[in-house]
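# Summary of structural features
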Amino acid sequence: MALIYVDKKPYEVKPGKNLLETCLTLGFNLPYFCWHPAMGSVGACRQCAVKVFKDENDANGRLVMSCMEGIRDNMYVSVDDPVARDFRSQNVEWLMTNHPHDCAVCDEGGSCHLQDMTVMTGHAYRRFRFPKRTYRNQYLGPFINHEMNRCIQCYRCVRFYKDYAGGKDLDVFAAHDHVYFGREKDGILENEFSGNLAEICPTGVFTDKTLKEHYTRKWDMTMAPSICQHCSLGCNIIAGERYGELRQVTSRFNSEVNGYFICDRGRFGYEFVNDITRVRQPVIRGKIADTGDKENLFNILAAVLLGGKIIGIGSPRASLEANFALRQLVGKQHFYQGIPENEAHLTHTVLEVLNCGRVHTPSLKETEQADVVLILGEDPTNSAPRLALALRQAVRQKPLENAANINIPAWHDAALRELIQEEKGELFIAYPIETKLDEVASETFHVAPDDIARFGFAIADYLNNTAPVPNGMNNQTLEIAKHVADILEKAERPLIVSGTTLFNEDIVKAAYNIALALEMEHKKAGLCFVLPECNSAGLGMMQAPSLTRAMENEDADTAIILENDLYRRGAKADIDHFLSGFKNIIVLDHLHNETTGKATILIPAATFAEGEGTLVNNEGRAQRFFQVFMPKNQNIRESWRWLDEFRQFRNGIMPEDLHELDNLTEELIAVLPQFRGVETVAPPADFRINGQRIPREPHRFSGRTSMLANVAVSEPKPPEDTDSPFSFTMEGYRGMPPAPLIPFYWSPGWNSVQSINKYQIEVGGPLHGGDPGVRLFREGLVSKAGFQDNIPTAFKPHTGETVIISLPHIFGSDELSVYSPSVASRSARPYIMVGNVDAERLRVGEGDILHVQIGDQGYDLPVIRKEALPEGLAAMPYNLPSMLGTVWPAKGILTKTMS
Amino acid sequence: MISLLRTMWLTFLHMFRKRETIQYPEEKVVLHPRWRGRIVLTRDPDMGERCVGCYLCAAACPVDCISLQATEDENGRRYPEFFRINFSRCIFCGYCEEACPTYAIQLIPDFEMGEYDRQNLVYEKEDLLINSEGKYPGYNYYKVAGLAAGVKGKGEGENEEPPVDVRSLLP
């Protein structure tokens, strides 16, 4: 620990940090713009000036930029020195000379770092009377709005977009006081993390375009901590509502998971909550049920629920609670995972591997710190985008190790980038085609899924002789495998990334073998799997049979389908046949889809914003999302609430006596002990601070007495939350809530997202009280399982049938996010991708139409030629809304259509 | 005794003073321009809506009786989709007028808003918007803001330079 004196008071601080972050950690309000805890310092904005003195007798001192000054022992600093204060105030005044008079029409207003810092430094009146500089704006696509006049040239946007996220199409142009941040010409920002620009930009140059469609100030939103529903990583988000509509999703800091950033699918995929195709009324045999009267509904349900055999079909996108409530309703032996057999088996294998205790499952933060990364059969940019961003940081770790030797501190971003230039750590990618991460990879290997697995097995064998050897590998491949093995062996923190994208179990096993072999060499290897959906792990941990098993076993009268569009899970004919076997089909869902069309009883379910629940992410971390708002429509309720009422009703409780449940999680861990720990994910519903709830609304929330005045001038009683310690009002505890219960970031003088600083133990570190989420996978030896040894044979192209693999797309492959118009406009179009050899054989060129016949399903798709794709393999986009119902990996016949 | 007579005398003298009581409603009260009465939404000199839906009035309102929703026209000009004031809650403090950056919301000298039904005190935008610039004639927010929203092009506002040519390297 170092001792520093700030304004003559001594403080014990951590060495190796810069002065700015130290001052912020100590609670001083020091203004800054260009520095960002995740991106380090460049000293561009000159805003964080403080005075540093030679020793205690030095009265003059010198002005320094605190972000560029390391902590030294016995350092004398003054934040409050009049010269430093004046400097900061004048600096803001200069920055503001060209800032437009826009706050009223600026989306950043009310959560603007520039506003906060201007007020903080005391600059109030513009003395500069000369004309303001202006710029023309650019069209940057459906996500981000550009208003360049507001720029204060802090360079954060390009530093994030280019340096941190690896974007290519945003840059700084022109010179001197005319610098321009934008694209070379109008066009869509290509990077998957462009949405973070809205949070990174300290002012309103880049703002959320989807928010603009239904603009609401931050202070007017009802917010709650939530979890992203659009991939298996479980990034933490804050969701905000106004007038009964979900308005915005922003990232919520969790140092173990997503840190400061989320991907564009998570940020802009929220609009399915407001979609017009929402299920809003219970529908019974095509008739909208009058459910002002609950008794009426239950009278109709009586015949269905009380007689006959019922099976339940769960869902990987429904919460743990909902799946469990269904399991309890129908009984253990009648509960099925709503996913096809191969996917269920694959998830099961992944969970088994991660739970065996022999390999380490890293958090996203740990993946960021890996020094050598091997990706086996996964495309994180499209299947788990935030992981790709973490891996882009990981490739910098190796070159950065040299920095300490030449005395460059870890926060000095400008110097570090200068030092490492284009140097990259080792990243190996084995995937059938090129991925976006290839540009930072040191070696890539484009082969068929089976050969990826064989490649993985070969690496494991080089690492440990006892691991099984694949036969008949060619020398070239073996050489690459040996090279990879050598580098993995030398690594300090090797990381293996794999997943379910290619639906190949052998790849998962190969990845496990490599991690295990490294572990046996006493390396702390990380093994990270990407799973298909947000609660795939949670559903998998329930260890229920798959949908395919349910289809084989058809003697039930009633099926209850929970938040699951079965037509995404199997061929249309099969699902049709399966569903036609039931007398009653009860579907609980929030959006109309093909499955809800088959329902005899359709029950409206709450989305993540209207209910609460727990999700288990790909690393086994259980995380709670909280209800953001009470839907205006009383019929929309959490699935678990409906299902629990059905269970009570089945157990003979009359509809008027149905009680609110309070012990579902307790029951869950009693019945399924593998979920022990879930009850501690967040404080219980009766948690209070000084007897008060935690308000979902900021204290400046407006319109309380007029929002609903058009309906009735007397204000209704605000809804009460029985499930969480939050209130739906602005009344309650105003201090800092525990980490899992932070509905929004705000601190006096810090209205913008930068107020996160105040919620962290130290700037950039974990939140006060520890980051939310509980890991359910046990570390430490559970099983003695050794190497997996079912090595597949090498892939050979078949004559006639082509193996078709699925390629996930960040925009389009996820079921819910495509309901957002912005995401839909970026969605991939249907295609069939073939390699050069196959294209020659089929005599098709780019854009020609190929007829693809998979089982009974036929598609006419335009061809994309991809040189890297191995012969005998074709690829199609994964689960686009227009081409559902394929069980992957598929086999199909490709024929050229005559036109 | 003397004080008693004195007060009676003073009271008697008041009979000859000017009457303060007026015969309202036949006779109207004189209200000064800055009198804080009924709230209106005014218009620009070009008769466009002045309100840009910035929500500052709503945030400033101590009784939270203002609610609105901002939206945009095809030029990017903001206006309120709805604007509602619940006058049964309003305390006529004038904070909304002080907060308004565009002089859109103004309190005018009119207090004759009595209703038999409280619900009728909920005013929507149609009830609030007047065809006048109110107390601040000539002001158009978009002329001084940096945004190009159909009122002026980029760099054509008051005290603005023409837009930067990004491809020029001249000093």
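Within every chain, residues take consecutive numbers counted from 1 along the sequence as written. Each chain is given a letter, starting from A, and each ligand a number, starting from 1, according to the order in which they appear as written. For a predicted model such as this one, the threshold for reporting local features is a pLDDT of at least 70, and the threshold for listing and counting side-chain atom pairs is 80 or more; totals across whole chains, interfaces and linings nevertheless cover every residue.

## Quick notes on the interface of chain A and chain B
- With 35 residues of chain A in contact, the opposing surface of chain B contributes 41 residues.
- Numbering of helices and strands starts at the N terminus; helices are DSSP runs of H or I of at least 4 residues and strands are runs of E of at least 2. At three residues, strand 6 (residues 132-134) of chain A tops the list of elements feeding residues into the side of chain A that touches chain B.
- Each residue belonging to the side of chain A that touches chain B can be placed in one class, and the counts come to 15 nonpolar, eleven polar and nine charged.
- Pairing between strand 6 of chain A and strand 6 (residues 160-163) of chain B: two bridges, direction parallel. For threonine 134 of chain A, the partnering residue across the bridge sits in strand 6 of chain B and is proline 163 of chain B. Residues are treated as contacting if the C-beta atoms built from their backbones sit within 7 Å of each other. All residues other than Ala, Val, Leu, Ile, Met, Phe, Trp, Tyr, Cys, Pro, Asp, Glu, Lys and Arg, Gly among them, are scored as polar; the first ten of these are nonpolar and the last four charged. Paired strands, in this sense, are two strands between which DSSP finds at least two bridges.

## Details of the environment of leucine 41 of chain B
Residue and element names in this part refer to chain B.
- For leucine 41, the position within the fold is in strand 1 (residues 39-41).
- Partly exposed residues are those falling between the two cut-offs: more than 12 but fewer than 20 other C-beta atoms within 10 Å of their own, whereas 20 or more means buried and 12 or fewer means exposed, with C-beta atoms placed from the backbone. The exposure class of leucine 41 is buried, given the 24 C-beta atoms found within 10 Å.
- As a C-alpha pair, leucine 41 and glutamate 126 span 85 residues in sequence and 9.5 Å in three-dimensional space.

## Let's talk about the sheet that holds strand 32 (residues 832-834) of chain A
All names here are of chain A.
- Ordered in space as 31-35-32-34-33-36, the six strands form a closed barrel in which the pairing is mixed. On average, adjacent strands in this sheet sit at an angle of 45 degrees to one another, irrespective of strand direction.
- With six bridges connecting them, strand 33 (residues 849-854) and strand 34 (residues 857-865) associate as antiparallel partners. Across the sheet, residue valine 852 finds its bridge partner in strand 34, namely tyrosine 859. Each axis is a line fitted through C-alpha atoms, and for a helix only the stretch in contact is used; angles between axes span 0 to 180 degrees, taken between their N-to-C directions.

## Considerations on the domain arrangement of chain A
- Domain borders in the structure are assigned automatically or taken from a domain database. Looking at the assigned domains, one finds that chain A contains domain 1 (2-96), domain 2 (103-274), domain 3 (281-339 + 545-662), domain 4 (355-531) and domain 5 (802-896).
- The straight-line distance from the C-alpha centre of domain 1 of chain A to that of domain 3 of chain A is 57 Å.

## Examining the pairing of strand 21 (residues 494-499) of chain A
All names here are of chain A.
- The element strand 21 is largely enclosed, with a buried count of six among its six residues.
- Of the two faces of strand 21, both are covered, the one formed by Pro494, Ile496 and Ser498 as well as the one formed by Leu495, Val497 and Gly499.
- Where strand 18 (residues 372-376) lies against strand 21, four bridges are found, and the strand directions are parallel. Its bridge partner being in strand 21, leucine 374 is matched across the sheet by isoleucine 496.

## Focus on the sheet that holds strand 11 (residues 222-227) of chain A
Residue and element names in this part refer to chain A.
- Read across the sheet, three strands follow the order 11-12-13 without closing on themselves; strand pairing throughout is antiparallel. Of all the strands in the sheet, the pair left with one neighbour each is strand 11 and strand 13 (245-251). Neighbour to neighbour, the strand axes of the sheet diverge by 30 degrees on average, direction disregarded.
- Both strand 11 and strand 12 (residues 236-242) contribute to a ladder of six bridges, which runs antiparallel. Paired with isoleucine 227 across the bridge in strand 12 is asparagine 236.

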